[in-house]
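Structural overview
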Amino acid sequence: MPDDSIFNPCGRQEKVFNRRDFLARAGGGFGALALAHLLQGTAAGNTLLEEKRSLNSPLLPRKPHFAPKAKSVIFLFMEGGPSQMDLLDPKPKLNELAGQPLPDSFGKVITAMGEARSPLLASKRSWKQHGESGLWMSDWLPHTASCADDLAVIRSCVADGINHSAGVCQMNTGSILAGRPSLGSWVSYGLGTENQNLPGFVVIQDNASTVVNGPRNWGSGFMPAVYQGTRIQGSSEPIPHLNTPDGITQEQHRGKLDFLNQLNREHAATRMQSELEARIASYELAFRMQAEAPEAVDLTKETDATRSLYGLDEKETAPFGTMCLLGRRLVERGVRFVQLYHGSGSKWDAHDNIEQNHSKLCKQMDQPVAGLLKDLKSRGLLDSTLVIWGGEFGRTPMSEKGNGRDHNPTGFTMWMAGGGVKGGQTIGSTDELGLHAVEDRLHVHDLHATILWLMGLDNMDLVYNYKGRPERPTLNEGDAYRKIAGL
Amino acid sequence: MPILPLHVRRMAASSGLRLRRSASARLLAVSLAGLATSAWADETGDKEFFVQKIQPILNDHCTKCHSHEANKMKGGLVVDSISGLTTGGDSGPAVVPGDPEKSLLIEAIRYHNDDLQMPPKGKKLADADIALLTEWVKRGAVWPETAGKTATRGASKITDEDRKWWSFQPLARPTVPRIEGDTWSRNDLDPFILTRLQKEELQPAPPASRAALLRRLYFNLIGLPPSPEAVQAFDADTSETAVEKVVDQLLADPRYGEHWAVYWLDLVRYAESDGYRIDDYRPQAWRYRDYVIRAFNEDKPYNRFVAEQLAGDEIAGNDPDARTATGYLRHWIYEYNNRDVITQWTNILNDITDTTSDVFLGLGLQCARCHDHKFDPILQKDYYRLQAFFAPLLPRDDLKLATPEQEATYREQLASWEAKTAELRAQIEVIEAPHREKAAEGAITKFPPETQELIRKPVAERTPYEHQLAELAYRQVTYEYDRLVNRMKGPDKDKLVALYKQLGTFDKEKPAPLPEVLAVSDVGPKAPPVTIPRKAALGEIEPGFLTLLDEKPAEIPDPEGNSTGRRKALAEWLTQPENPLTSRVMVNRMWQYHFGRGLVSTSSDFGKLGETPSHPELLDWLARRFVEEGWSLKKLHRQILLSATYQQAAQNPMAEIARVKDPENRLLWRANTRRLEAEQIRDAILATTGELETASGGAGVDFTQPRRTVYTKVIRNTRDPLLEVFDGADRFASASQRNTTTTPTQSLLMINSPWSQQRATAFAQLLKKDASSSDPQAMVTDAFWKAYAREPSQAERDGAQAFLERQASLVSLKQEEPKAAPFVGEKMPFRDGRAALLTPKSTQERLSIPANTLFPTEDFTVEAFVMLKSVSEGADVRTIVSQWSGKKGHPGWSLGVTGKGSRYKPQTLVLQLSGDQAWTPQDPVEPLFSGLHLELGKPYYVGVTVDLDETSEKGVTFYAKDLSNDDEPIQTVQLKHSVTSGIRSEAPLVIGGRDEAGKHLFDGLIDDVRISRVPLPQSQLLVDREGTSEHTVGYWRFEAEPGVYRDSTSRGGDIAAAMIQAPKMDPTTSAWVDFCQVILNSNEFLYVD
């Protein structure tokens, strides 16, 4: 998909290559350039410059709608649904009423496993306030607690899906039904990316299970595939097919590319369509990616101090620590949107034995996450990097199987830090038992609108026209919660 | 920020869609007409300004609390009309046109006054929005008549202007323009095109070269490149009818349907899986795909095609084709464990409604699901009027594809089998019944109480709607039944297995099951009531068409039999010759599939946000002919293909001028050079390399098979990587157009992937095989013919030869010893990274690790992730891992899966132990049948722990976990064993076979094999705990890190070179492979003129 920002950074996708040809080659181009100038409000010269550059990539950086607070995002996705009332949202009343059924006053509840009537389950955590701000955190998060003053903890998140598939789908795409572009795709569409030699939207996961729904979570839905997320691995082949096949030397590979280039140039010469030029350029881009991507994921140059900050020297914390460190390296190199899945394959889904489950997962995640925040901060990157933590939903105050908790999309906790977020604040609240969000409820659409807003994008102005409908990332709903930035 | 520039910026930056459309339309208008005046006449400007800028702000931020629609008038104010604003609320007029400073609205949104702040609670509007509203009031607060009330329309709100919208007009009867001295036109279509071109003083391009035309025709009609022979035959035919003959030949080619079906399958979001987490395969879905292919090949009249899909059951009863066609109403996504059946059923009906309006009406109705359409004259009520046709639906899996006679014969044979097996089956029933009851209870109690009640309610007492919900919920109960035997264990299980074994001896007398199909019927003659969500007070919504076209409810004849007849009525309305949308929409789609763009470029949106037709008369002329010629798609093809318009070259000598006047080539002054679609790319590559299998029809195959892409399984969450990067449709929602993306990930896949390497190798081998001499120039020529359907120039031949020589010299520099065959890896569904693909009789049929002293001598655990593609026809075991020669009397062990000839049961996980203390002299190997059943094509974790001297049931424990389903618990089976020592083997450890050639081989994927020297407790199994411990003696993960053949523990040892060595590739051959790969990557190959 060629860049279509000449006329409109966020407008309808069309076969613009023709129009670009028109601009680039128009004999009596004055009228056209003037019109372009009129419509875009930029100097015609810039338009042409942009025109020329965009032949190389449809993902060149674009101007946001307004001054952004964050330039990039690292979304720490705790897949399966971490328990809010055991981590960030203390509920003394829950322990008081433990063993009793949910009071009738809480109304009708549909849960995934039918646990609406099960007895309430106490939280076994001990709680403390942390930092100057005094944010509450449980003893499951000792490291994160040391960053309390950087976090805005949102206790009033609301989603619609009661199952993982729908929940993960919505947290990524805004809809519980599949087929829409993911948030990362919208951001790529709206803003492009800073480093053309790396993918602009990168996804990493922590184990070999598939994230619920698989790659469609980071798919571009009805938008062109160019905006989809790229799964990378911290191995010698971070991007699929990045390496030249075994036994093919660099010279041989270069020889092939040169010959291909020669054939393609001859073919393009008589056809004059810039899509053909773009394809020629895409091979060069791939070649440059081959050079740059391995360096981006090479952690050997990191100091021991950095490595232990992320917990790389401990068996439990090393896998997610590696991912968080990769996240920092990617953001440092201009990648726009990074999503790190922890507990891929619904590992946070503690239907039974939440003690064992969450103890293990928190241990794996806590130090790396805190390490990331501290590292970003010390490098001056936290201001421009929005870090988001959370799952597709939270868990019920009701028990399941005696010692677990069921899914709960009606009130759960996420936090954000950096990227313009005012730290040390708690936003919203749930009811006394942590079942429903009551104050300052922020639906997934509001959360997405807030993330976009921090990135300088207006969720209602970011439009992609599809089948006659002006499609927006938040399905025409959602408001940015500006207080998160202290406004 | 000054207001005006802000306005301009926002226009460019924001929703833009209207702007974009009008901008490009204007661009065309300006350049075509050569006018230099501003198109922003004040009146239009104000209206557009209001519709695009102001109305959205009011809708988004104000109407929730201040509109008739929301039934809220906080502070007495409504903002859904100008009178509402100027009259104002309790505090006085909200807007004083022309005077922002006196307008309370402006004061409120500015937030300057602490007591008057709107929107409230700190949700202050963006500065840009405030500026826009201020600007609007300043300009006089123009609220155009036709803009209607904000977000609401009544029937009376369909204005005359709405009624005049082009796509709602009856089909015109245009006459073919007569053009003096027209020597260009070849048929009646052309003068329409030529007239427009001449009006802009443009000339069409000269005819395409014969080679280019033939290639275009082949890709366009059958989706494949022409063979060199076909090109030569075409060249040799100098008759005037040569093109016509080729067109007819291709239209009659069965591959025509295989290609054109894909477009339809995109439109109806056809797939073979559920599309949620579990993404279950739908084994019968392919019959619909074959139906579509057949319909295209048989040139089924389009009106019949439409009717069969919407109402096959109502118009043709038991006709198998019509029954299959109703699969159209089954392609929605489905979540097998959603306990909220009301929402799920609503989503299903919405999906059907959305798809139907997109596909057949070419109008996006989705907007009207929640409110009257803001741009098109579509009422919210219209959405539910359309939905009401589908409201009585009942998805049916029990309807079979058979004539009444076939069904009678079947029943007769079945009755006889049933009589003979009655006693056995009764015994089975006795064992199964309590388990089934328990499973059902387990499933039912997961639903909310109201749903439980519905499920338990006798069918006769349910309302139609309740029955629909109960049936939907009950699928979750039968889902449990299907897994009953698998989840049982202990003596009941053993008895059952034995009984089923016995029952199996009667299989010969059991009639072959009748073909199953995904179909629908109505829930009964009475339809459940449809109401508008949250507006039930408006009463029941009767089925009906767009109010604009027909205000009355649809006439539904009295129900016949067990159906309401509603869908039949819808089909009849859609296929009336006078329906202004159906024929236009389809004709336009067909045009798009020929030219890359429709006469209306937004082919599923004929509304106001879509484009208007570039050649309206031509569209109507074609639509009329289409209907008059019996809705024949093939006649329509001929009309288009035999036109001079279609047969133009991609190059026009006056391109420089034409580009200025019509940059998007809407007027068709040349042919567009277009990239092949994803399916075409894959198919063309396989065809060119000589690998494409020609078989047609049948159940979907894995995309690694060299079948046409249309026959590969469409699994929504696991797609062919090639389709993924080349903009294949996602099949979640109707797709009328494909994007054309150019990305480096495509290039990486095309130049580096093993798949692409293999295709290039196959192409090189084909060239070598077909070569009559070793003359490289002749082979280059052949390659050009095969890939490009043309003769290369001398310069191209020379260039190719130079490349071949240079590459060969580069290769020869680094040529070493012959290498092992390359590792063949594939991704396992629900797993990450690469798994080993093991295929009997391939270069990778098993992987062997030399024996090593750390390997188990007594107790052990062996674990792996596996996905079986097949089991053996006989008694051979599909071995997962073994350390055994396979010979009786030799010590060792082997974990595998039983075949169809097993004395136990096929597809069962089995451990064979061969030790000192042989089990019995006759059978010195002890087989331990776990009873765990592995389905083909499903990924599992499997493991077995062996405590050798433990003779109780704790001795051997099997584990299996279905990875595709998170909710599925791990299955555990414990067994006694008699071999208690002496299993230590000197044989190599073999993955996917035993230490004997050609026998007991695995077929499928194996990943992450781990061997431990102790029986691991369940908490330490690989399924939850990846990695190694001090007990691990080998862990093979098949990843680039530390190397595909390397053992991650560095204890157990690396996998020896694969069993079959790759043939040594000499520098020349290697250079040819490179050459072939470049050809397959080249634009000339991937694009068609």
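This structure is a prediction, so every number in the text was calculated from the model and none was measured. Residue positions are counted from 1 within each chain, in the order its sequence is given. Chain labels run from A onward and ligand labels from 1 onward, assigned in the order the entries are written. The predicted nature of this model means local features are confined to residues of pLDDT at least 70 and side-chain atom pairs, given and counted, to a pLDDT of 80 or more, with totals for whole chains, interfaces and linings taken over all residues. Each side-chain value is worked out from all heavy atoms of the structure, with water and hydrogens disregarded.

1. A closer look at the overall build of chain B
What counts is decided by this rule: What counts as a helix is a DSSP run of H or I of at least four residues, what counts as a strand is a run of E of at least two, and both are numbered from the N terminus. The globule rule is 2.2 Å times the number of residues to the power 0.38, and the radius of gyration it is compared with is taken over C-alpha atoms. Using a 1.4 Å probe on the protein chains alone, a residue whose accessible area is under 20% of its type maximum counts as buried, one over 50% counts as exposed, and one in between counts as partly exposed. Computed by Shrake-Rupley with a 1.4 Å probe, the accessible areas treat only the displayed protein chains as cover when residues are assessed.
Each helix and strand in chain B was counted, giving 35 helices and 20 strands. In terms of overall dimensions, chain B is globule-like: its C-alpha atoms have a radius of gyration of 34 Å, near the 31 Å expected for 1089 residues. If one aligns the C-alpha atoms of chain B with their principal axes, the spans along those axes are about 100 × 80 × 70 Å. Expressed as a percentage of the 1089 residues in chain B, the buried residues total 60%. Element-wise, carbon and sulfur atoms account for 53% of the exposed surface of chain B, whose accessible area totals about 42,400 Å².

2. Focus: the overall build of chain A
Which entries qualify depends on this criterion: Pairs of residues are marked as contacts when any of their non-hydrogen atoms sit within 4.5 Å.
What chain A contains, in helices and strands, is 13 helices and 17 strands. Taking contacts inside chain A between residues at least 6 apart in sequence as the whole, the part at least 24 apart equals 77%. Accessible surface, chain A as shown: approximately 15,300 Å² in total, 52% of it carbon and sulfur.

3. Topic: the interface of chain A and chain B
Quick reminder of the rule: Computed with a 1.4 Å rolling probe, the buried area is the accessible surface lost when two parts are put together, summed over both parts. Whenever a carboxyl oxygen of Asp or Glu lies within 4 Å of a side-chain nitrogen of Lys or Arg, that contact is scored as a salt bridge. For the purposes of these results, a polar contact is taken to be a pair of N or O atoms within 3.5 Å, where, inside protein, one atom must be able to donate a hydrogen and its partner to accept one; residues adjacent in sequence count only when each atom of the pair is a side-chain atom. Each residue is assigned to one class: nonpolar for Ala, Val, Leu, Ile, Met, Phe, Trp, Tyr, Cys and Pro, charged for Asp, Glu, Lys and Arg, and polar for all the others, Gly among them.
On the side of chain B, 117 residues touch chain A, which itself brings 118 residues to the contact. For the pair chain A and chain B, the summed buried surface comes to about 9,900 Å²; carbon and sulfur atoms form 52% of the total. Where chain A packs against chain B, one counts two salt bridges. Remark: the boundary between chain A and chain B carries 29 residue pairs in polar contact (both at pLDDT 80 or more). Secondary-structure elements contributing two or more residues to the side of chain A that touches chain B are α1 (17-25), α2 (30-40), α6 (164-173), α8 (250-269), α9 (274-296), β16 (464-466) and β17 (469-471) of chain A. Partitioning the side of chain A that touches chain B into residue classes produces 51 nonpolar, 41 polar and 26 charged.

4. Considerations on the packing of α8(A) against helix α34 (residues 1067-1081) of chain B
A pair of packed helices is captured by two measures, namely the crossing angle of their axes and the spacing between those axes. Note the following rule: Here, axes are lines fitted to C-alpha atoms. For helices the fit covers the stretch in contact, and angles between N-to-C directions go from 0 to 180 degrees. Should an angle fall under 35 degrees it is called roughly parallel, over 145 degrees roughly antiparallel, and 65 to 115 degrees roughly perpendicular, with every other angle called oblique. Two helices that cross are described as forming a left-handed crossing if the nearer one is turned anticlockwise from the farther one by less than a right angle, and a right-handed crossing if clockwise.
One can describe the packing of α8(A) onto α34(B) by two numbers: an axis separation of 9 Å at closest approach and a directional angle of 40°. With respect to α34(B), the axis of α8(A) lies oblique. Once α8(A) is placed against α34(B), the crossing between them reads as right-handed. Of α34(B), the residues touching α8(A) (which contributes A:Gln252, A:Lys256, A:Phe259, A:Leu260 and A:Leu263) are B:Ser1070, B:Asp1074, B:Phe1075, B:Gln1077, B:Val1078, B:Ile1079 and B:Asn1081. Its residues assigned to classes, the contact of α8(A) with α34(B) comprises six nonpolar, four polar and two charged.

5. Comments concerning the side chain of A:Ser346
Along the chain, A:Ser346 turns up in the loop between β7 (337-342) and α12 (354-378). A relative accessible area of 7% places A:Ser346 in the buried class.

6. Some details on the packing of aromatic side chains
We describe a pair of aromatic rings using the distance from one ring centre to the other and the angle between the two ring planes. All names here are of chain A. Quick reminder of the rule: Only the six-membered ring of Trp is used, alongside the rings of Phe and Tyr, when aromatic pairs are assigned; centres must lie within 6.5 Å, and planes under 30 degrees apart are stacked while those over 60 apart are edge-to-face, with the rest tilted.
Enumeration over the complete set of coordinates arrives at 45 aromatic pairs over all chains. Seen in terms of ring centroids, Phe222 and Tyr464 are 6.0 Å apart; in terms of plane orientation they differ by 25°. Their pairing is stacked. Of this pair, Phe222 sits in the loop between β5 (201-205) and β6 (230-231) while Tyr464 sits in strand β16, and the two are 242 residues apart along the sequence. Under the relative-accessibility criterion, Phe222 is labelled buried at 10%. For Tyr464, a relative accessible area of 2% corresponds to the buried category.

7. Topic: the sheet that holds strand β10 (residues 878-884) of chain B
Residues and elements named next belong to chain B. Rules: Strands were regarded as paired on the criterion that DSSP finds at least two bridges between them.
The strand order β8-β17-β10-β11-β12-β13 describes an open sheet built from six strands, whose pairing is antiparallel. This sheet does not close on itself; its edge strands, each paired only once, are β8 (847-849) and β13 (926-933). Ignoring strand direction, the axes of neighbouring strands in this sheet form an average angle of 10°. Bridge count between strand β11 (residues 892-897) and strand β12 (residues 908-914): six bridges; the pairing is antiparallel. Bridged to Val897 within β12 is Leu909.

8. Observations regarding helix α17 (residues 380-390) of chain B
Across the eleven residues that make up α17(B), a large majority, ten, are buried. Turning to α17(B), the residues buried within the fold contact α14 (302-316), α16 (341-361), β3 (393-396) and α23 (566-574) of chain B.

9. Notes on the confidence of the model for chain A
What counts, and what does not: Note on scores: pLDDT gives the predictor's confidence for each residue, bounded by 0 and 100.
Per-residue confidence for chain A averages 86 on the pLDDT scale, and 88% of its residues sit at or above 70. Note on residues 1-56 of chain A: pLDDT under 50 across the span, and 133 contacts to partners over four residues away in sequence or across chains.

10. As for the environment of A:Gln290
Turning to its location among the elements, A:Gln290 is positioned in helix α9. You can call A:Gln290 buried: its relative accessible area is 15%. With 92 residues separating them along the chain, A:Gln290 and A:Leu198 place their C-alpha atoms 9.2 Å apart. When residues no more than four places from it in sequence are discounted, the contact partners of A:Gln290 are A:Leu242, A:Asn243, A:Thr244, A:His253, B:Leu748 and B:Asn752. At 3.0 Å, the side chain of A:Gln290 and the side chain of A:His253 are in polar contact.

11. Regarding empty space enclosed by the protein
Residues and elements named next belong to chain B. So the rule is basically this: The definitions used throughout rest on a 1 Å grid laid over the protein atoms alone, on which a cavity is an enclosed set of points accommodating a 1.4 Å probe that cannot get out and a pocket is an open set flanked by protein within 12 Å on both sides along at least five of seven lines; lining residues are those having an atom within 4 Å of a point. Grid points are joined across faces, edges and corners, and a volume is the space filled by probe spheres set on the points.
Inspection of every chain in the model, using the stated rule, returns 14 cavities of 30 Å³ or more. The volume enclosed by the largest cavity comes to roughly 220 Å³. Lining the largest cavity are 20 residues, and of these Thr712, Lys713, Val714, Leu723 and Arg731 sit closest to its centre. Top contributing element to the lining of the largest cavity by residue count: helix α12 (residues 254-267), with three residues. Here the lining of the largest cavity is built from residues that sort into nine nonpolar, four polar and seven charged.

12. Notes on helix α24 (residues 582-595) of chain B
Residue and element names in this part refer to chain B. For the record, the criterion: To estimate the expected span of a helix, count its residues, drop one, and scale the result by 1.5 Å.
Helix length check: α24, at 14 residues, gives a terminal C-alpha distance of 20 Å against a target of 20 Å (1.5 Å per residue), a fit within 8%. Along α24, 14 of the 14 residues are buried, which leaves the element largely enclosed by surrounding structure. Positive backbone phi, approximately 90°, marks Gly596, located one or two places after α24.

13. Section: the pattern of salt bridges
As a working rule, side chains carrying opposite charge can pair if their charged atoms are close by. Residue and element names in this part refer to chain B. Scanning the model with the defined rule gives 86 salt bridges over all chains in all. Taking the shortest distance from any N to any O, the salt bridge between Asp522 and Arg567 comes out at 3.0 Å. Of this pair, Asp522 sits in strand β4 (residues 519-522) while Arg567 sits in helix α23, and the two are 45 residues apart along the sequence. Under the relative-accessibility criterion, Asp522 is labelled buried at 3%. Given a relative accessible area of 0%, Arg567 falls into the buried group.

14. Regarding the confidence of the model for chain B
All names here are of chain B. Overall, the prediction assigns chain B a mean pLDDT of 87, with 91% of residues at 70 or greater. Every residue in residues 1-43 is under pLDDT 50, and counting partners more than four places away or in other chains gives 96 contacts. Below pLDDT 50 for its whole length, residues 148-152 participates in 18 contacts with residues either more than four positions away or in separate chains. Per the prediction output, this complex has pTM 0.81; the corresponding ipTM is 0.79.

15. Some words on the packing of α12(B) against α24(B)
Residue and element names in this part refer to chain B. Closest axis-to-axis distance for the α12/α24 pair is 12 Å, and the angle between their directions is 125°. When the interaxial angle is binned, α12 and α24 end up oblique. α12 and α24 meet at a crossing whose hand is right-handed. Each of Trp260, Tyr263, Trp264 and Leu267 in α12 lies in contact with α24, whose residues at this interface are Met586, Arg589, Met590, Tyr593 and His594. By residue class, the composition of the contact of α12 with α24 is seven nonpolar, one polar and one charged.

16. Comments concerning the pairing of β12(B)
All names here are of chain B. For β12, the buried fraction is high: seven of the seven residues fall into the buried class. Sheet topology note: the β12/β13 ladder contains five bridges and is antiparallel. Looking at the pairing, Thr908 lines up with His933 of β13.

17. Here we look at the pairing of strand β8 (residues 385-390) of chain A
Two faces make up the sheet, and in a regular strand the side chains alternate between them. Residue and element names in this part refer to chain A. Counted residue by residue, β8 has six buried out of six residues, so it is predominantly covered. As paired elements, strand β1 (residues 72-78) and β8 share six bridges and run parallel to each other. If you follow Ser72 over to β8, its bridge partner there is Thr385.

18. As for the nonpolar core
Short version of the rule: Nonpolar cores were defined as sets of buried Ala, Val, Leu, Ile, Met, Phe, Trp, Tyr and Cys residues, with membership established by side-chain atoms within 4.5 Å.
If you look at the biggest cluster of nonpolar residues, it comprises 148 residues, and the most contacted ones within it are B:Trp264, B:Phe390 and B:Trp591. Filtering out sequence-adjacent residues up to four positions away, B:Trp264 remains in contact with B:Tyr288, B:Val292, B:Phe296, B:Tyr302, B:Phe305, B:Gln309, B:Val359, B:Phe360 and B:Met586.

19. Observations concerning unusual backbone geometry
Backbone geometry places A:Leu475, a non-glycine residue, at a positive phi of 50°. Summarising the element assignment, A:Leu475 is placed in the segment after β17.

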